[in-house]
Amino acid sequence: MDDTAAIAPEAAARALWRLAEPVHAVTYFAPEARAAYEEAGLRGWRRGYFAGRAAPFGPVGPEPVAASFFGFAPDTVAGALPSVWEIVSPGRALELRRSGARNALRRLLAGRDEEVGRAAGLLADRVRELDCGGRVLSAANMALGLPVDPLDRLWHAATLLREHRGDGHVAALVAADLDGCESLALRAGIDVPRSELQPYRGWTDEEWAAAVHRLTARGLLAPDGTATDEGHRLHASVEAATDRAASRPWRTVEPAELRELTTALTPLSRACAAALRFPNPIGLPEPD
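Scoring rules and cut-offs
- Residues numbered from 1 in each chain as written.
- Predicted model: local features only at pLDDT ≥ 70, side-chain atom pairs only at ≥ 80, totals over all residues.
- Heavy atoms only, no water.
- Helix = DSSP H or I, 4+ residues; strand = E, 2+ residues; numbered from the N terminus.
- Expected span 1.5 Å × (residues − 1).
- Buried < 20%, exposed > 50% of the residue type's maximum accessible area, 1.4 Å probe, protein only.
- Arc of directions from axis to C-beta.
- Contact = heavy atoms within 4.5 Å.
- Phe/Tyr/Trp six-rings, centres within 6.5 Å; stacked < 30°, edge-to-face > 60°.
- Lys NZ or Arg CZ within 6 Å of the ring centre and 35° of its normal.
- Axes fitted to C-alpha atoms, helices over the stretch in contact; angles between N-to-C directions.
- Parallel < 35°, antiparallel > 145°, perpendicular 65-115°, else oblique.
- Left-handed = near helix turned anticlockwise from the far one by under 90°.
- Nonpolar A, V, L, I, M, F, W, Y, C, P; charged D, E, K, R; others polar.
- Salt bridge = Lys/Arg side-chain N within 4 Å of Asp/Glu carboxyl O.
- Core = buried A, V, L, I, M, F, W, Y, C linked by side-chain atoms within 4.5 Å.

A. Summary view of helix α6 (residues 90-108). Its 19 residues place the ends of α6 27 Å apart at the C-alpha level, agreeing with the 27 Å of an ideal helix rising 1.5 Å per residue. Inspection of α6 places P90, A93, L96, R97, G100, A101, A104, L105 and L108 among the buried residues, and these make up the whole buried set. Down the axis of α6, the smallest arc covering the buried residues is 155 degrees, so these residues share one side. Looking at the buried side of α6, the elements it contacts are α1 (9-29), α2 (31-39), α3 (45-54), α8 (136-142), α9 (150-175) and α14 (255-273).

B. Inspection of the packing of aromatic side chains at higher detail. With the rule as written, the count across this model stands at nine aromatic pairs. A ring pair is formed by W45 and Y49, whose centres lie 5.8 Å apart and whose planes are at 70 degrees; its orientation type is edge-to-face. Remark: Y49 and W45 occur in helix α3; sequence separation between them is four residues, near one turn of the helix. Here Y49 falls in the buried class, since its relative accessible area comes to 12%. On the numbers, 5.2 Å between centres and 40 degrees between planes, the contact of Y49 with F72 is tilted. One end of the pair, Y49, is in helix α3; the other, F72, is in the loop between α4 (62-69) and α5 (74-78), with 23 residues separating them in the sequence. F72 gets classed as buried once you look at its relative accessible area, which sits at 5%. The residue whose ring lies beneath R53 is F69, and the NZ or CZ to ring-centre distance is 4.2 Å. Here the basic side chain of R201 rests over the ring of F72, its NZ or CZ set 4.9 Å away from the ring centre.

C. Structural context of the packing of α9 against helix α13 (residues 229-245). It is at 8 Å that the axes of α9 and α13 come closest, and there the two elements cross at 140 degrees. Relative to α13, the element α9 lies oblique. When the axes of α9 and α13 are compared, the crossing they make is right-handed. Residues H164, R165, G168, H169, A172 and L173 of α9 touch α13, and the partners they reach there are V238, E239, A241, T242, D243 and A245. Each residue belonging to the contact of α9 with α13 can be placed in one class, and the counts come to five nonpolar, four polar and three charged.

D. Representation of the pattern of salt bridges in the model. Summed over all chains, the structure comprises 20 salt bridges. Through salt bridges with shared partners, a single network forms among R14, R165, E239 and D243.

E. Focus on the environment of R97. Along the polypeptide, R97 turns up in helix α6. For R97, a relative accessible area of 5% translates into the label buried. A sequence separation of 48 residues divides R97 from Y49, and the C-alpha atoms of the two residues are 9.1 Å apart. If we ignore the near neighbours within four places in the chain, the residues touching R97 are T27, Y37, G52, R53, P56, N141, L144, W155 and T159.

F. Representation of the nonpolar core. Among the nonpolar cores identified, the biggest contains 66 residues, and V26, F50, L109, L154 and W250 are the most heavily contacted of them. Taken together, the elements giving at least two residues each to this core come down to α1, α3, α4, α6, α7 (113-127), α9 and α14. Broken down by element, the residue count for this core peaks at 11 residues, all from α1. Counting 22 residues, the second largest nonpolar core, distinct from the first, contains L173, A211, L215 and A227.

G. Representation of α2 in the model. Every buried residue belonging to α2 is among E32, A33, A36 and Y37, and all of these are buried. Down the axis of α2, the sector holding all buried residues measures 135 degrees, keeping them to one side. Tucked into the core, α2 has its buried residues touching α1, α3 and α6. Of the residues one or two after α2, G41 is the one with positive phi, at around 100 degrees.

Spelled out as C-alpha cells, the structure:
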C-alpha cells in the first residue's frame with residue numbers, strides 16, 4: 001500500500017476486520033480458551049461461549065442475548081443462560097475469557113513481543129473512541145476499558161472492532177428482512193457449508209427447512225438450496241451495508257497510519273489463523 005494512496009473507508013473496514021477477526025477468534029477455537037472455561041466448570045462449548053461473550057452485559061437472561069447475537073436459536077441460548085451464572089459470575093467469566101485468550105495468544109505469537117506491542121497500540125488508538133450508538137454489544141465491551149497488558153490489549157481492541165462491526169451487520173440483516181435462521185440459510189447457499197452453520201447456532205432441521213422455504217418463496221434460494229442471482233444481490237447489499245456501518249473509525253485514518261497498522265497486524269493475524277479452521281461457523285475466509 002502506497003503511503004500517499006487513499007483507501008475508501010468501507011474497504012479499510014473490511015480489510016481490518018479480516019486481519020483483526022483471527023486475533024479475536026482464538027477465544028472460540030484455541031484449546032487454551034476452551035480449557036479456561038472447562039476448568040471453571042463450564043463444560044461444553046456452549047456454556048463457555050455464552051458465558052464469555054455475554055458477560056459484558058452482566059447476569060443477563062437469554063432474550064437480549066438471542067437478540068444481540070442474532071444468529072443463534074433462542075432455545076439454544078436459553079439452554080445456557082441464565083444457568084451459567086450459577087456456575088460463574090459475569091465478572092469471573094470475563095476473567096476466564098481474558099486469560100484463555102491471553103494464553104492462546106502467548107503461544108501463537110511467541111517471539112513477536114515487539115509486533116504485538118505495536119499492533120496493540122495502533123489498534124487501541126483507533127478503537128478507543130468508537131461510536132457505539134445503537135450497538136449494544138460493542139458498547140458493553142467498550143465499558144470494560146482497555147487493558148494494560150499488550151496481549152490483553154491486542155485481543156480486547158480486536159474484540160471491540162469485531163463486535164462493533166457485528167452490531168452493524170445485525171442491523172443490516174434486519175433491514176434486509178432476514179431473521180437469524182434465514183441469514184444462515186442464505187449464507188449456506190452461497191459459500192459456507194450448512195454443516196458449519198446450523199449445528200453451532202442450534203437450529204433444528206424443521207426450523208432450517210422453514211427458513212429455506214421462506215427464502216425460496218422470496219426468490220432468494222433455488223429449490224436445491226443454492227442462492228439465486230437475487231439472493232447473491234441481497235447478500236452483497238448486506239455486506240456493503242455492513243462495511244458502511246463499520247467505516248466510521250477509518251474515515252479519518254491517514255494512509256500511512258493504515259499501512260503501518262496493516263503491516264503490524266498481518267503477521268499476527270496469520271499466526272492466529274493457525275488456531276482456526278476453514279471453513280468455520282463465523283464465515284471468516286482464509287487469510288490471503
